[in-house]
Amino acid sequence: MKKNFLFFALIAVFSLGLVGAPAPVLARGLGKADKNRIECAKEKMRILAEMFDAKVPLNKKTQELPSSCPNAGTVVKPPKWFVEGEDVKTKDANGQIVTVHKEPELDRMDKTKVVYIPGEGTYSEADLWRQAFSNVYLYLDRAAMSMDPSQPISIDQLVRGYVGNRINLVATLDRLNKDLLFGSKPLIMKDSMGGRGRAMLATLELINNEFFSTIESFSAPSKERDDKYRKAVQAVVVFSNQLYAEFMSSAIPTFPPDPKAIQTTAADKMMYLVMLIIGSALAGLAVFLFLEVKRQSIELMMEDYRVKSVAWAEDFNRQFLTIDIRYIVFGTIGLFALLGLFAGFSMGGFGGLFSFLVFVGIGVFASIRMPEAVLDSLKKARGRKINAQLMDALILLSNSLRSGMDIVQGFEKVSTEMRPPISDEFGLVIKNYQLGTPFEKALDGMNDRIDSRMLSYIIKAIVIQRQVGGNLTVIFARLVENIREESKLEEKLQAMTAQQKIQAIVVCVMPFLMMGVMFLFRPGEMVSFYGSPGGMMVFFFCIVWISIGMKIIRKIGEVKV
């Protein structure tokens, strides 16, 4: 019994010891070659980090590769371009190619202060690159310790360390990827080290991705964790060696373009002009042939439009206006042509010519309907003015009838004592009557000229009274009362629908107002966008949809009395 109790007690103590001890995270069965690769890459990152330490003299930066590297014992010195600077060929004011000797790259990078961090100070361009290499070094150092069986380490501790490495590397890459201003000159960090910075930044981005893969491997199933972890570490090793090789290699070659290759010669200009003339002639010939085929249809359309133009001119005269229809038609076309010229010059090239033709086509289509639209607008405006005077005219007519005058004399009274436009209309009725037109016919002419529902009721009442008889004074009194009630109702409806009208105005005005504000703050971007084909299409569709929205809002708030 005592032996069993002692046996179970020993098992319990041993179990508690296993729980309290740091459990091995990984199998950590790593070959010697793998360990050597990690150690070699780690030492290369240390060498790179020390290369960018401006406080250490250049003559003390000579080091040897460790025994873990294949070429162990190789002496590593700072590259010549890093110590002495590179000779750059450029052109002087006379166009001659000259060689300019730049200052040592490390000195230049150390003088270039690019980032200020509160509490830490100002970092130079060399400091940022040094931080990037140091982050990779710390990662590889942590990876080497995690694969050493003699170094106990927990998963939580390992993950926290890798997360910290990645956060620091991401912050450094973010600063290196920014284009900054150093004084008045632009500073592009990718152009550091004679162009090597572009390749090295790309490699650092790949290393950053493998940092994330390393952290992600710990959330994998236990059977897959070791394999994913080793693959991520070995990938960082490969990219670290690549980063070292990119620093030690020659710069990315840059060759200035040959001016002769991009120069436009007189022959090129002549060929362009000839092709433009030939293309214009062919386009004109195509238009001529199309018009020739459609000649009869076009002539019929033109004749029909001439008849309509004469009718519109007579209608304008009946509104006491003398307007030449050609001014409306060609004025509309000219306005759209000016808009097309502005759009064409903004876009340039074939797109500008196409946009000009589109605007002219829209102008031609709009000009065909513009006289009728202007006439309808004038008739409605004139009808509203006459409606405002109609109650006073009825009272005057009613008083004239009570005093013993007939309806014709009452019309004369209105034409002489009231103001236009109602005096002009009543006076025209009297003139037509005096010239032999039946009074009822003259009243029908006034009804056709004026867009007014209440005036139509008055004219019908007068015509019916003259045909069948009746008391016009009573009829006029009732019409005056109806007009008063209708005016009150319209005023109430206007107050109730004011919100919809304001919404329609806001829908129409606000987009263009915001566009104007953006033009003030960002004129270059706005001109570039709205001068492009896509911008022109966006602007056109905005106008169309804004018009549709205004129409819908007006219809919602429209109430017919």
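Scoring rules and cut-offs
Residues numbered from 1 in each chain as written. Predicted model: local features only at pLDDT ≥ 70, side-chain atom pairs only at ≥ 80, totals over all residues. Heavy atoms only, no water. Axes fitted to C-alpha atoms, helices over the stretch in contact; angles between N-to-C directions. Helix = DSSP H or I, 4+ residues; strand = E, 2+ residues; numbered from the N terminus. Parallel < 35°, antiparallel > 145°, perpendicular 65-115°, else oblique. Left-handed = near helix turned anticlockwise from the far one by under 90°. Contact = heavy atoms within 4.5 Å. Nonpolar A, V, L, I, M, F, W, Y, C, P; charged D, E, K, R; others polar. Pairing = 2+ DSSP bridges. Phe/Tyr/Trp six-rings, centres within 6.5 Å; stacked < 30°, edge-to-face > 60°. Buried < 20%, exposed > 50% of the residue type's maximum accessible area, 1.4 Å probe, protein only. Polar contact = N/O pair within 3.5 Å; in protein donor to acceptor, adjacent residues only side chain to side chain. Patch = residues over 30% accessible without salt bridge, like charges linked within 9 Å, V, L, I, M, F, W, Y side chains within 5 Å. Areas by Shrake-Rupley, 256 points an atom, 1.4 Å probe, with all protein chains shown as cover. Salt bridge = Lys/Arg side-chain N within 4 Å of Asp/Glu carboxyl O. Lys, Arg positive; Asp, Glu negative; His and termini not counted. Charge placed at Lys NZ, Arg CZ, Asp CG, Glu CD. pLDDT = per-residue confidence, 0-100. Expected span 1.5 Å × (residues − 1). Arc of directions from axis to C-beta.

### A closer look at the packing of helix H2 (residues 32-51) against helix H5 (residues 125-146)
- One way to put it is that H2 packs onto H5 with a least axis distance of 8 Å and a crossing angle of 155°. In terms of their interaxial angle, H2 and H5 are classed as roughly antiparallel. Once H2 is placed against H5, the crossing between them reads as left-handed. The residues of H5 that touch H2, namely those facing Ile-38, Glu-39, Ala-41, Lys-42, Met-45, Arg-46, Leu-48 and Ala-49, are Arg-130, Phe-133, Ser-134, Val-136, Tyr-137, Leu-140, Asp-141 and Ala-144.
- Of the residues belonging to the contact of H2 with H5, the class tally is ten nonpolar, one polar and five charged.

### Quick word on the pairing of strand E5 (residues 113-117)
- Bridging between E5 and strand E6 (residues 121-124) involves four bridges; their strand directions are antiparallel. Note on E6: the bridge partner recorded for Lys-113 is Ser-124.
- From the end of E5 to the start of E6, which pair antiparallel, there are three residues, and Gly-119 there has a positive phi angle of about 85°.

### Regarding the packing of aromatic side chains
- Evaluation of the coordinates by the stated rule reveals 13 aromatic pairs.
- Ring centres of Phe-52 and Phe-133 lie 5.4 Å apart, and the angle between their planes is 50°; this geometry places the pair in the tilted category. Separated by 81 residues along the polypeptide, Phe-52 in the loop between H2 and strand E1 (63-64) and Phe-133 in helix H5 bring together distant segments of the chain. Across the pair, Phe-133 and Phe-52 agree in class, each one buried.
- An aromatic cluster is built from Tyr-139, Tyr-162, Phe-211, Phe-218 and Tyr-229, whose rings are joined through pairwise contacts.

### Points about the environment of Ser-219
- On the secondary structure map, Ser-219 appears in the loop between helix H7 (196-217) and helix H8 (222-248).
- In this structure Ser-219 comes out as exposed when scored by relative accessible area, which is 62%.
- Engagement of the side chain of Ser-219 in a polar contact is seen with the backbone oxygen of Glu-216, the distance being 2.7 Å.

### Side note on the packing of helix H15 (residues 422-434) against helix H16 (residues 439-449)
- Running from amino to carboxyl end, H15 crosses H16 at an angle of 145°, the nearest separation of the two axes being 9 Å. The two elements H15 and H16 cross, and the hand of that crossing is right-handed. The residues of H16 that touch H15, namely those facing Glu-425, Phe-426, Leu-428, Val-429, Asn-432 and Tyr-433, are Phe-439, Ala-442, Leu-443, Met-446 and Arg-449.
- Residue composition of the contact of H15 with H16, by class: eight nonpolar, one polar and two charged.

### A short note on a positive patch on the surface
- Together, Lys-380, Arg-384, Lys-551 and Arg-554 make up a region of like positive charge exposed at the surface.
- Every element with two or more residues in the positive patch is listed here: helix H13 (349-402) and helix H21 (533-556).
- For Lys-380, the position within the fold is in helix H13.

### Points about the confidence of the model for the protein
- Chain-level statistics for the protein give a pLDDT mean of 76 and a share of 83% at 70 or above.
- Least confident of the elements in the protein is helix H1 (residues 2-20), whose mean pLDDT is 35; most confident is H7, at 88.
- Confidence over residues 1-25 falls short of pLDDT 50; this stretch has seven contacts with residues more than four positions distant or in other chains.

### Digging into helix H6 (residues 155-176)
- Look at H6: 31 Å from first C-alpha to last across 22 residues, which is about the 32 Å you get at 1.5 Å a residue.
- Turning to H6, its buried residues number three or more, namely Leu-158, Gly-161, Tyr-162, Asn-165, Leu-169, Thr-172, Leu-173 and Leu-176. Angular distribution of buried residues about the axis of H6 spans 100°; they occupy a single face of the element. Of the exposed residues in H6, those oriented more than 90 degrees away from the buried face are Asp-156, Arg-160 and Ile-167.
- Of the surrounding elements, those touching the buried residues of H6 are H5, H7 and H8.

### Looking at the pattern of salt bridges
- Enumeration over the complete set of coordinates arrives at ten salt bridges.
- Between Glu-43 and Arg-46 there is a salt bridge, with the nearest N and O atoms lying 2.9 Å from each other. Within this pair, Glu-43 and its partner Arg-46 are both found in helix H2, separated by three residues, close to a single helical turn.
- Looking at Arg-46, the relative accessible area reads 23%, which means it is partly exposed.
- A salt bridge links Glu-50 to Arg-46; the nearest nitrogen and oxygen atoms lie 3.0 Å apart. Linking Glu-50 with Arg-46, this pair stays in helix H2, spanning four residues, or about one helical turn.

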